Structure formats: C-alpha cells, structure tokens
Amino acid sequence: MAVWDDLVGQDRVASQLTAAARDADALVTAEAAGGGRAAARNAAEASPDSSALAASPASSASSASSKMTHAWLFTGPPGSGRAAAARAFAAALQCVSPDRALGGAPGCGFCEGCHTTLVGTHADVEVVRTDLLSIGVKETRDLVRRAQLSPAGGRWQVIVLEDADRLTEGAGNVLLKAVEEPAPRTVWMLCAPSLEDVLPTIRSRCRLLTLRTPPVDAVADLLVRRDGIEPELAASAARATQGHIDRARRLATDERARARRAAVLKLPLRVDDVGGCLKAAQELIDAAAEDAKQVAEEIDAKETEELRAALGAAAGTGGRLPRGTAGAMKDLQDRQKRRATRTQRDSLDLALTDLAGFYRDVLALQFGSRTALANTDVQDALERIAAGSRPERTLRRIEAVRACREALDRNVAPLLAVEAMTMALRAG
C-alpha cells in the first residue's frame, strides 16, 4: 500500500507531493553517488522529473524550477487530512525501496523508511502535535535546535508541525529564522486550517498545498477498507460528519460519541422557553466537561505516577517527593489543567459544529435543495423545524452558532457564550 492511499479525495495534492519526492530522491541519490556539483547536475539532466535540480540540497530546495523545497504549508478545512498528507510526504522522503532505481515513485509504504515514519518511530522525523491551547517559545526553540541536526540515518531531517495555527506570536518569530535559513537536509512541514492562521512572514517562505473536504463516499470507503467498519455504519458516520475523516472514524467506533451527538441534535427542539434555553446550555457545558474528565482519568494519573517514579517517589517508596522536585510536579499539573481546558473547548466546538450542521439541513429543506442531508437520522426533527420557521430565521440561528464559536475563541466564559447562543436560537 503506497503512503498516499489514505489521502482521501486529494489526487492533485498527492500528485504534487509525489513529484516533489521524486526530485528529492534524485537529489539525495545523486549526492550519494557523486558527492558534488557535477554529479547532481548529471542526475538532473538524466531524470525528466528532476531536470532542474541544482547541485546541493540547499540550492535545490530553493530552486524555483524544482518541485522540492525546504518548507511546506498544508492548509485545508478540519478533517481534510492535512496532517496525513504531511506524514505521507515525510514517509516518501525517507523511502528506501529498491523499486526507486527502476523508476518507481518514492513512498512504497512497505520499506523501513516508510514504515517507521508512518508508525512514528523514525529517528529523523519529528511529528509535533499539541494537546494544549498554544505552542510556546520554549517548545519551538527545541524544534529549531533539532532542525539544525544532520539526518541520523535517514535521507532528510523532517519536522512536521501539525498545529502551526497554535503557535504564539513569539514562537512564530522563533520559527521564522529556521524556515528562512534551513539546514541543507531539513524539511519543515506546517499544517494549519488556512493561510490566515500562519504569520505572513512564515507563509511567504513556504510552498502552499491546499486540501479540500473529502467526498462523503470516499470517507465511507476508507472507514470500511482501513478500519473494518460495517458499510452502513461507515456511510452514516461519513454523512453525519460531512467528510471529516477523524470525526467520522470516532463516530463509527465510539458509542459515547454517537450518544453525545444525538443529545446535541435534540437541542433545537428544547429552546421554546427561557428555562429550556438555560438548561440546554448547562447540559452542553456539562457534557464537554465530562469529556475532559474522561481524558484526564485516562492520562493524568499515568503521567503523574511516571513523573513521581522518575523523581524517586513512586508508590511503595513512602510517596514523598525529594527536595527540590516540587516544581516539576507543579509544571505537570499546570500542563494537565491546560489540556483539560482545550479538551473541553474542543468537545464543545464539536457539539456546535453538529448543531450548525442541523440548521444547514433545515435550510436545505426550506429551499427545497437537492443537497444530501447530513442528519437523516433526525429527519422528523429537521422537517418540524423547517416547517415552523422561515429561511431568514434559520440563517440567524446559524449565525448565532458561529458567533458562539468565535466567542469561545476569544476566551469568553463557555457558559455565558452558550447561553447567549441558545437564547438567540429561541428568538430566531
């Protein structure tokens, strides 16, 4: 299975990355064989896919005519597979399949380079994702130091930053210098929802790849093929999430996720009076808090015990922390608190996304659109709301959901933001 097989509905992006991986492979192979400017130039002349490669990694990566470059920016809506595309490209850059010598494209999916990259154990591929609200200066400086190293055993040093939109301004400025003047064999891959989520100075130094929302049928096929999910359930999950790959997988495999979604889709029928609005808002907040609590129960206790063991205060040793180590424990507790805040916000945002999808279906019914409905499992409720209001009111309700999401992004107290939204849904 090639590394590109999980890029659902992204044929254009896969084609561009394959061409870039060919150029990168020709460059490294030529350098290894000839070790100099003449060898790289001969390789460029011999290969139609790398006809413009320059003599060295640095000059090749910056060459306007090369399909390879040292910094990439993957953008696209949530669920489009930005991180999957970056990891697949990283695997193709590390591919050591013997088929390459016979004209095969890098990214076989089976060799040691591809396999270790995809499972996250390759020594020269660093995948950075955060469970916190932001990525700070300290973490970014660590990445920049890592990026200056030569590959330990692979062909490239690859840094995949899955949440580039969460870089603080200071962290972005730290990253800028590394992206602007990279080490010869270093490749940066940044992932963000849109161009506007990345500092202009950084995005201007990256090659842009824009992914689209995958087709629903393609996502359903992926769930069946890769995760072994029943076709009917896979189709329902893909339709409900409108092509969001990760959410579709979670909805198809997690009964609790399906129960939470069902509860959210009942909310439009419960905002007939002020009391119903306030109660529905509180229940949304409580459900998000429960999600955060479940994550904490699964992770926090393990992290705490591992740190205590590392500090010499594991269970069975009296439990007292050695002198001078209380600060490390406090840092962990602060991190866990920030992670719980993000988990709660992410869960709440997911509920709001489902709610917006409900009103989108209502609007489609009101206009008589032939667009396929996402929430066919609650079609009775959709038809009831559609018949009882006008499109103008539905649009105002969609706007209320959007305003709530923006308020949460601005750190408005979640309960206040959701209560304002439910009252606006009632008014229409």
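Structure: see above.
Here's what I pulled together on the structure shown here. These numbers were taken from a predicted model, which means no experiment stands behind them.

### Things to note about the overall build of the protein
Argument step 1. The helix and strand inventory of the protein stands at 17 helices and five strands.
Argument step 2. Taking the principal axes of its C-alpha atoms as reference, the protein extends roughly 80 × 65 × 40 Å.
Argument step 3. Classification of the 428 residues of the protein by burial places 45% in the buried group.
Argument step 4. Relative to all contacts within the protein whose residues are 6 or more apart in sequence, the contacts with residues 24 or more apart total 71%.
Argument step 5. Accessible surface, the protein: about 20,800 Å² in total, of which carbon and sulfur atoms supply 53%.
Argument step 6. Each charge class in the protein can be summarised by its mean position, and for the 57 positive and 57 negative side chains these summaries are 3 Å apart.

### What to know about the side chain of Arg-247
Argument step 1. With respect to the helices and strands, Arg-247 occurs in helix H11 (residues 245–253).
Argument step 2. If sequence neighbours within four positions are ignored, Arg-247 has contacts with Thr-241, Leu-350, Thr-353 and Asp-354.

### Focus on the environment of Glu-297
Argument step 1. Residue position: Glu-297 is located in helix H13 (residues 274–310).
Argument step 2. Given a relative accessible area of 54%, Glu-297 falls into the exposed group.
Argument step 3. For the pair Glu-297 and Asp-380, spaced 83 residues apart in the sequence, the C-alpha separation amounts to 38 Å.

### Section: the packing of aromatic side chains
Argument step 1. Applying the stated rule across the entire model yields two aromatic pairs.
Argument step 2. Considering the side-chain rings of Trp-72 and Phe-89, the 5.0 Å spacing of their centres and the 80 degrees angle between planes classify their relative orientation as edge-to-face. Linking Trp-72 in strand S1 (residues 71–75) with Phe-89 in helix H4 (residues 82–93), this pair joins segments that are 17 residues apart in sequence.
Argument step 3. Here Trp-72 falls in the buried class, since its relative accessible area comes to 2%.
Argument step 4. Judged by its relative accessible area of 0%, Phe-89 falls in the buried class.
Argument step 5. Here the aromatic rings of Phe-358 and Tyr-359 are separated by 5.5 Å at their centres, their planes lie at 85 degrees, and the arrangement is edge-to-face. Just as Phe-358 is buried, Tyr-359 falls in that class too.
Argument step 6. Stacked on the ring of Trp-156, the Lys or Arg Arg-185 has its end atom at 5.8 Å from the ring centre.

### Considerations on the sheet that holds strand S3 (residues 157–161)
Argument step 1. Reading across the sheet, the five strands line up as S2-S3-S4-S1-S5 and stay open at both edges, with parallel pairing between neighbours. With partners counted over all chains shown, the strands left at the sheet margins are strand S2 (125–128) and strand S5 (207–210), one partner each. Between one strand axis and the next, the sheet turns by 15 degrees as a mean value, whatever way the strands run.
Argument step 2. Inspection of the sheet shows S3 paired to strand S4 (residues 186–192) by five bridges, in the parallel sense. Paired with Val-160 across the bridge in S4 is Met-189.
Argument step 3. This element, helix H6 (residues 137–147), spans S2, S3 and S4 of the sheet and lies at about 160 degrees to S3.

### Here we look at the pattern of salt bridges
Argument step 1. Enumeration according to the criterion identifies 28 salt bridges in this entry.
Argument step 2. Across the pair Glu-162 and Arg-87 runs a salt bridge, and its minimum N-O distance is 2.6 Å. A residue pair is termed long-range when its members are at least 10 positions apart, and Glu-162 in the loop between S3 and helix H7 (169–180) and Arg-87 in helix H4 qualify at 75 residues.
Argument step 3. Linking Glu-283 and Arg-270 is a salt bridge whose minimum nitrogen-to-oxygen distance equals 2.8 Å. On the criterion of sequence distance, the pair formed by Glu-283 in helix H13 and Arg-270 in the loop between helix H12 (255–264) and H13 is long-range, its members being 13 residues apart.
Argument step 4. Connected through shared salt-bridge partners, Asp-6, Arg-226, Asp-227, Asp-246 and Arg-249 make up one network.

### Re the layout of surface pockets
Argument step 1. A volume near 370 Å³ is recorded for the second largest pocket.
Argument step 2. Along the wall of the second largest pocket there are 22 residues; nearest its centre are Arg-260, Arg-261, Val-264, Ala-351 and Asp-354.
Argument step 3. When residues of the lining of the second largest pocket are traced back to their parent elements, those giving at least two are H11, H12, H13 and helix H14 (326–367).
Argument step 4. Classifying every residue of the lining of the second largest pocket gives twelve nonpolar, two polar and eight charged.

### Description of helix H15 (residues 379–387)
Argument step 1. Turning to H15, its buried residues are Ala-381, Leu-382, Ile-385 and Ala-386. Along H15, the residues classed as buried sweep out an arc of 130 degrees about the axis, all on the same side. Of the residues in H15, the exposed ones pointing more than 90 degrees away from the buried face are Asp-380, Arg-384 and Ala-387.
Argument step 2. The secondary structure elements touched by the buried residues of H15 are H14 and helix H16 (391–409).

What counts as what
- Residues numbered from 1 in each chain as written.
- Predicted model: local features only at pLDDT ≥ 70, side-chain atom pairs only at ≥ 80, totals over all residues.
- Heavy atoms only, no water.
- Helix = DSSP H or I, 4+ residues; strand = E, 2+ residues; numbered from the N terminus.
- Buried < 20%, exposed > 50% of the residue type's maximum accessible area, 1.4 Å probe, protein only.
- Contact = heavy atoms within 4.5 Å.
- Areas by Shrake-Rupley, 256 points an atom, 1.4 Å probe, with all protein chains shown as cover.
- Lys, Arg positive; Asp, Glu negative; His and termini not counted.
- Charge placed at Lys NZ, Arg CZ, Asp CG, Glu CD.
- Phe/Tyr/Trp six-rings, centres within 6.5 Å; stacked < 30°, edge-to-face > 60°.
- Lys NZ or Arg CZ within 6 Å of the ring centre and 35° of its normal.
- Pairing = 2+ DSSP bridges.
- Axes fitted to C-alpha atoms, helices over the stretch in contact; angles between N-to-C directions.
- Salt bridge = Lys/Arg side-chain N within 4 Å of Asp/Glu carboxyl O.
- 1 Å grid on protein atoms, 1.4 Å probe; cavity = no way out; pocket = protein on both sides within 12 Å on 5 of 7 lines; lining within 4 Å.
- Points joined across faces, edges and corners; volume = space filled by probe spheres on them.
- Nonpolar A, V, L, I, M, F, W, Y, C, P; charged D, E, K, R; others polar.
- Arc of directions from axis to C-beta.

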